[in-house]
Amino acid sequence: MTPRTFLVIPAHNRLATTLACLHRLRRQGVFGWAVPIVVDDGSTDGTGDAIRLEFPDVELLPGNGKLFWTGATELGMRRAVERDAEFVFWLNDDCEPQPGALAALLAAARERHAIAGGVCVLPRSGQAVYGGFKKGRRELEFVSAAPGEVTACDALNGNLVCVPRAVIDAIGFPDGRGLPHASGDTDYTLRATERGQAVLLVGAARAHATPHNRLGYASWLLSGMSVREVWATLFNPRAYGYLPADLRFRWRHWGFGGLRSALWLVIKRVPVSLAILTVPLDTRRQKWGSRSAAWRYEQMIRAESGHE
C-alpha cells in the first residue's frame, strides 16, 4: 500500500515553469499516489488563477511574497502534516524529474527510514549540479551519486527530496524565519544528520535542472557584477551572501569557526570591489580565472545555456 505522500512545490512568478512542472507530474502518473501542494508566494503573473483553472485538485496555499524558498517549503510541510502525511517531498518547479525518480526516492526513504535526495544534472552535458554534501571543517563539500549508487550524506540540496514524517516529528520544520531562502535545505538536512537521522543521495532518482540565480552562482570578481551588486547580496534575503542567514547557518553548524568564515566573506568584498573598480574585466578573467572555482562553475552554466 502506498503511504500517504505529499508534494510541496514553492512557486513565485514563474507561471509557465510552474504549469509545466504540474503537467509533467500528471503525465508521469505521480498525482495517482502523491498529493500536490503548491505554495504560491505572492505571484503577480496569474500563477494561482492558472493552477485553479487547470489543476483544480491541487491544493494552493497563498504567501505574501516574503516566504521565499524555505518559508514556502515550511508552510507546505506544515499543511501536509496537518493532513496526516507520512512522507513529504520538496520539489522545485524548475526541477524536471525523470520518469520513476520520485518513486525511487520514496522507496529509498521508506525502506531505509531516511531523508532521500535526488541528483540534478544539466540537460545537455549531464554534469551534476545539485545533490548532496559532506560536512568539512568550514564548508560543505559537494558530492554526487552514479545511477546505481546510494550515498550517505551529511546534507542535501532541496530541489528533489523526500522527507519521512518520522524525521519531521524528530527535528521539526525548516527554519523559514531565520534562513528564508539560501541554506534552508542544507540546514534542515544537516540538523537531521546531527540528530542521528540518515540522509541519503539516491543516484537512480535523477532530474534535469539548470542553475539560474545570479545571486548564488556568479563569481563576484569575474562575472561582470558591479560593486553595488556584490555588496547588495549582504542585504538580500534571496542571496547566498545574505548576512543574517549566513551568520545563523554557520554558527549553528560550525560555531566560532563558522562565524569567522562568514565574516571573511564580508571582508573579502573589499579587495574584490577594489579590483572591480581598477582592473578591466578581461584582465581580471585572464589573471584570476584559472584559479576561481566560482568562475569555472559559472562558465559551465553559461555553456549549458549557450551563453559562453
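Since this is a predicted model, take the numbers as computed values, not measurements.

Visitor: Any chance you could explain the overall build of the protein here in plain terms?
Guide: Across its full length, the protein carries twelve helices and 13 strands. In terms of overall dimensions, the protein has C-alpha extents of about 65 × 40 × 40 Å along its principal axes. Of the roughly 14,300 Å² that the protein leaves accessible, carbon and sulfur atoms contribute 54%. One finds the centroid of the 37 positive side-chain charges in the protein at a distance of 7 Å from the centroid of its 30 negative side-chain charges.

Visitor: Is there a simple way to explain the sheet that holds strand 11 (residues 155-156) in this structure?
Guide: As a general point, the strands of a sheet are linked pairwise by backbone hydrogen bonds and lie either parallel or antiparallel. Pairing within the open sheet is antiparallel, and its three strands lie in the order 9-8-11. The open sheet is flanked by strand 9 (140-143) and strand 11, the only strands paired with a single partner. Sheet topology places strand 8 (residues 132-135) next to strand 9; four bridges connect them, and they run antiparallel. If you follow G132 over to strand 9, its bridge partner there is V143.

Visitor: What am I meant to see in the pairing of strand 13 (residues 198-208) here?
Guide: Sheet faces and side chains relate simply in a regular strand, where the side chains alternate between the two faces. Relative to strand 13, strand 5 (residues 96-97) runs antiparallel, the two being bridged by two bridges. In the strand pairing of strand 13, E96 is matched with H208.

Visitor: Just to check I follow, could you spell out the pattern of salt bridges for this structure?
Guide: Throughout the structure, instances matching the rule amount to 16 salt bridges. A salt bridge links E96 to R24; the nearest nitrogen and oxygen atoms lie 3.8 Å apart. One end of the pair, E96, is in strand 5; the other, R24, is in helix 1 (residues 15-27), with 72 residues separating them in the sequence.

Visitor: Please clarify how the packing of aromatic side chains should be interpreted in this entry.
Guide: How two aromatic rings sit relative to each other is given by the distance of their centres and the angle of their planes. In the structure shown here, the tally under the stated rule is seven aromatic pairs. Judged by centre distance (6.4 Å) and plane angle (90 degrees), the ring pair of F31 and F55 falls under edge-to-face. Taken as a pair, F31 in the loop between helix 1 and strand 2 (34-41) and F55 in the loop between helix 2 (47-54) and strand 3 (59-63) lie far apart in primary sequence, 24 residues in all. When its relative accessible area of 26% is taken as the criterion, F31 is described as partly exposed. On the accessibility criterion, F55 (3% relative accessible area) is buried. Ring centres of W251 and F256 lie 5.0 Å apart, and the angle between their planes is 80 degrees; on these two criteria the pair is classed as edge-to-face. Residue classification places W251 among the partly exposed positions, given a relative accessible area of 43%. Every member of this aromatic cluster is reached through a ring pair, and the members are W69, W90 and Y188. The ring of W254 carries the charged tip of K135 above its face, separated from the ring centre by 5.5 Å.

Visitor: Is there a simple way to think about the packing of helix 6 (residues 184-194) against helix 9 (residues 243-267) in this case?
Guide: Working note: a packed helix pair is described by the angle between its axes plus the distance between those axes. Look at helix 6 against helix 9: their axes get within 11 Å of each other, and the N-to-C directions meet at 20 degrees. As judged from the angle between their axes, helix 6 and helix 9 are roughly parallel. The interaxial crossing formed by helix 6 with helix 9 has left-handed handedness. Judged by residue contacts, T186, D187, L190, R191 and E194 of helix 6 engage F249, R252, H253 and W254 from helix 9. Looking at the contact of helix 6 with helix 9, its residues break down into three nonpolar, two polar and four charged.

Visitor: Quick question: what am I supposed to make of the nonpolar core here?
Guide: In a soluble, globular protein the nonpolar side chains are often hidden away together inside. Counting 37 residues, the largest nonpolar core has L25, V38, I51 and L105 as the members making the most contacts within it. Ranked by residue count, the leading element in this core is helix 4 (residues 101-112), at six residues. Excluding anything up to four places from it in sequence, L105 contacts F89, A116, G117, G118, L160, V161, C162, V202 and A205.

Visitor: So what exactly am I meant to see when it comes to the side chain of D185 here?
Guide: Take D185: it is sitting in helix 6. In this structure the side chain of D185 is engaged in a polar contact, spanning 2.7 Å, whose partner is the backbone nitrogen of G158. Those residues within four positions of D185 in sequence are excluded, and the remaining contacts are W69, W90, L156, N157 and G158.

Visitor: Is there a simple way to think about the environment of E54 in this case?
Guide: By the element assignment, E54 lies in helix 2. You can call E54 partly exposed: its relative accessible area is 33%. With 102 residues separating them along the chain, E54 and L156 place their C-alpha atoms 32 Å apart. With near-sequence residues (within four places) excluded, E54 lies in contact with L19, H23 and R26.

Visitor: Got a minute to help me understand unusual backbone geometry in this structure?
Guide: With the exception of glycine, most residues fall at negative phi, and the peptide bonds are largely trans. In this model, D84 sits at a positive phi of 65 degrees, which is unusual for a non-glycine residue. Note on placement: D84 falls in the loop between helix 3 (68-82) and strand 4 (87-91). Judged by relative accessible area, D84 falls into the exposed class, the value being 52%. A positive phi angle, near 50 degrees, is found at H113, a position not held by glycine. With respect to the helices and strands, H113 occurs in the loop between helix 4 and strand 6 (114-121).

The rules we used
Residues numbered from 1 in each chain as written. Predicted model: local features only at pLDDT ≥ 70, side-chain atom pairs only at ≥ 80, totals over all residues. Heavy atoms only, no water. Helix = DSSP H or I, 4+ residues; strand = E, 2+ residues; numbered from the N terminus. Areas by Shrake-Rupley, 256 points an atom, 1.4 Å probe, with all protein chains shown as cover. Lys, Arg positive; Asp, Glu negative; His and termini not counted. Charge placed at Lys NZ, Arg CZ, Asp CG, Glu CD. Pairing = 2+ DSSP bridges. Salt bridge = Lys/Arg side-chain N within 4 Å of Asp/Glu carboxyl O. Phe/Tyr/Trp six-rings, centres within 6.5 Å; stacked < 30°, edge-to-face > 60°. Buried < 20%, exposed > 50% of the residue type's maximum accessible area, 1.4 Å probe, protein only. Lys NZ or Arg CZ within 6 Å of the ring centre and 35° of its normal. Axes fitted to C-alpha atoms, helices over the stretch in contact; angles between N-to-C directions. Parallel < 35°, antiparallel > 145°, perpendicular 65-115°, else oblique. Left-handed = near helix turned anticlockwise from the far one by under 90°. Contact = heavy atoms within 4.5 Å. Nonpolar A, V, L, I, M, F, W, Y, C, P; charged D, E, K, R; others polar. Core = buried A, V, L, I, M, F, W, Y, C linked by side-chain atoms within 4.5 Å. Polar contact = N/O pair within 3.5 Å; in protein donor to acceptor, adjacent residues only side chain to side chain.

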